Amino acid sequence: MRAAVTREAGIIKMEDVPEPEMAPNQVKVKIAYAGLCGTDPENLEQRFGLMPPEAYKMARILGHEASGTIAAIGKDVKNKFKVGQRVAMNFRGSCGACWYCQNGKEHYCRFGSGASGCFAEYAVYPESAIYPLTDDISFEIGAMLEPVSVAVHAIDQAKVTTGSSVAIAGGGPIGLLCLEMALKAGAARTMLSEPIAEKRALAKKLGADVVVDPFNEDIEAIGKKLTDGRGFNTVIDASGSVKAAKQCVALADNCGTILWAAVYGKDVEIAVSPFLLYAKELTITSTFVSPYSFPRALALLPKLELKSLITDIVPLKDIQQAFEMHKKGQSIKILIKM
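Below is a short write-up of the structure.

Each value, and the rule that gives it
- Residues numbered from 1 in each chain as written.
- Predicted model: local features only at pLDDT ≥ 70, side-chain atom pairs only at ≥ 80, totals over all residues.
- Heavy atoms only, no water.
- Salt bridge = Lys/Arg side-chain N within 4 Å of Asp/Glu carboxyl O.
- Helix = DSSP H or I, 4+ residues; strand = E, 2+ residues; numbered from the N terminus.
- Buried < 20%, exposed > 50% of the residue type's maximum accessible area, 1.4 Å probe, protein only.
- Disulfide = S-S within 2.5 Å.
- Expected span 1.5 Å × (residues − 1).
- Pairing = 2+ DSSP bridges.
- Right-handed = clockwise from strand over helix to strand, strands pointing away.
- Axes fitted to C-alpha atoms, helices over the stretch in contact; angles between N-to-C directions.
- Contact = heavy atoms within 4.5 Å.
- Phe/Tyr/Trp six-rings, centres within 6.5 Å; stacked < 30°, edge-to-face > 60°.

### Notes on the pattern of salt bridges
Scanning all chains against the criterion turns up 12 salt bridges. Asp213 serves as the salt-bridge partner of Arg200, at 3.9 Å between the closest nitrogen and oxygen. Within this pair, whereas Arg200 is found in helix α6 (residues 197-206), its partner Asp213 is found in the loop between β12 (210-212) and α7 (219-226), the two being separated by 13 residues in sequence. The residues Arg200 and Asp213 share a single accessibility class, namely buried. Salt bridges sharing partners connect three or more residues here, namely Glu42, Glu45, Arg47 and Lys327.

As structure tokens, this is what we get:
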């Protein structure tokens, strides 16, 4: 099969490689579309904090957001999948038996199995990672399932409630999806901060009450005006900017929740005043992948505005170009078409 393979930092090339071997409890999928995530460039450049150094010494196929068609089904698969069935996928499956799985923390499963990379014609998945698509959901929208699930979990962590106020830093896919999800959860006043004008315009179209250019406007003053001088009940950083993550603390109202929902450098530290946390009774929390969120995300796919977030579709053979486009920051979600 044709696949995009990385063997050295920053370089990804097309190669002919064997199709991934399918275990008895796995499903093989012919990939239709794969999304380019913000962690993919970090992986390509060998700076993603969760990857052990030895992982970068071997050839790898990246990619973890995808949709496609079932090509083969392992003999031990229990679900009633069918060859030819249209599906979207998680990139990991939990064991259901370890301490973490049995205590509501499946995202820290000790014995689960992952999928093979989806920047390829075929990939294999644990059966628990397969989600059938209804006929009204296109493959393009189906490929958005994983990032939508991340936003579902983020809003759970952020404690957004009906009538609350929410500020979001970052107008990339996760920031915009968090905006849509916060509105679905009942947020009544929303502000999104983003330096790129086109992304601010889309945030406004999606329902943000106020959009702000963080490089040229006073975010804190604008936020205070929107919230009658109080600050926000919930503040989410989806930008990955350390400066923005720290500023989220200043944007929060008394008893507010700050959610750091981006991936930061492994060695990054953010100074926060413990006295301020005490005086304002603030909660700072984070989000990691999307446990127990895929079924709800799947149900929401037809209810969200996702087409506007897909700004570029690039053929697999031009995947290096897609990474270069991502680096420029103008795109929102780039899909790779197989």
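### Focus on the state of the cysteines
For the coordinates displayed, the defined rule picks out zero disulfides. Free cysteine: Cys37, not disulfide-bonded; nearest cysteine sulfur from Cys118 at 10 Å. In this structure Cys98 is not part of a disulfide, and its nearest cysteine sulfur, from Cys101, lies 3.8 Å away. The exposure class of Cys98 is buried, given its relative accessible area of 6%.

### Some details on helix α5 (residues 173-184)
For α5, spanning 12 residues, the distance from its first C-alpha to its last is 16 Å, which sits close to the expected 16 Å at 1.5 Å a residue. With nine of 12 residues buried, α5 is to be regarded as a mostly interior element. Every buried residue of α5 is listed here: Pro173, Gly175, Leu176, Leu177, Cys178, Leu179, Glu180, Met181 and Ala182. Phi for Gly186, located one or two positions after α5, is positive at around 110°.

### What about the pairing of strand β13 (residues 232-237)?
For β13, the tally of buried residues reaches five of six residues, placing the bulk of the element in the interior. Here four bridges tie strand β10 (residues 165-169) to β13, and the two strands are oriented parallel to one another. Bridge pairing in β13 places Val166 opposite Thr234. In this fold, β13 hands off to helix α8 (residues 242-251), which returns the chain to strand β14 (residues 252-260); that crossover is right-handed.

### A word on the sheet that holds strand β11 (residues 189-193)
What the six strands build is an open sheet, ordered β12-β11-β10-β13-β14-β15; its pairing is parallel. At either margin of the open sheet sits one strand with a lone partner, and together these are β12 and β15 (283-286). Recorded for the sheet is a direction-independent mean angle of 15° between the axes of neighbouring strands. Across the face of the sheet, α5 comes into contact with β10, β11 and β13 while running at roughly 180° to β11.

### As for the packing of aromatic side chains
Under the definition given, this model contains six aromatic pairs. Ring centres 5.3 Å apart and planes at 90° place the aromatic pair Trp99 and Tyr100 in the edge-to-face group. Among the residues examined, Trp99 registers a relative accessible area of 53% and is labelled exposed. Since its relative accessible area comes to 24%, Tyr100 is described here as partly exposed. Where Tyr131 meets Phe294, the ring centres are 5.3 Å apart and the plane angle is 20°; that geometry is what we call stacked. On the criterion of sequence distance, the pair formed by Tyr131 in strand β9 (residues 130-132) and Phe294 in helix α10 (residues 294-300) is long-range, its members being 163 residues apart. This pair shows no difference in class: Tyr131 is buried, exactly as Phe294 is.

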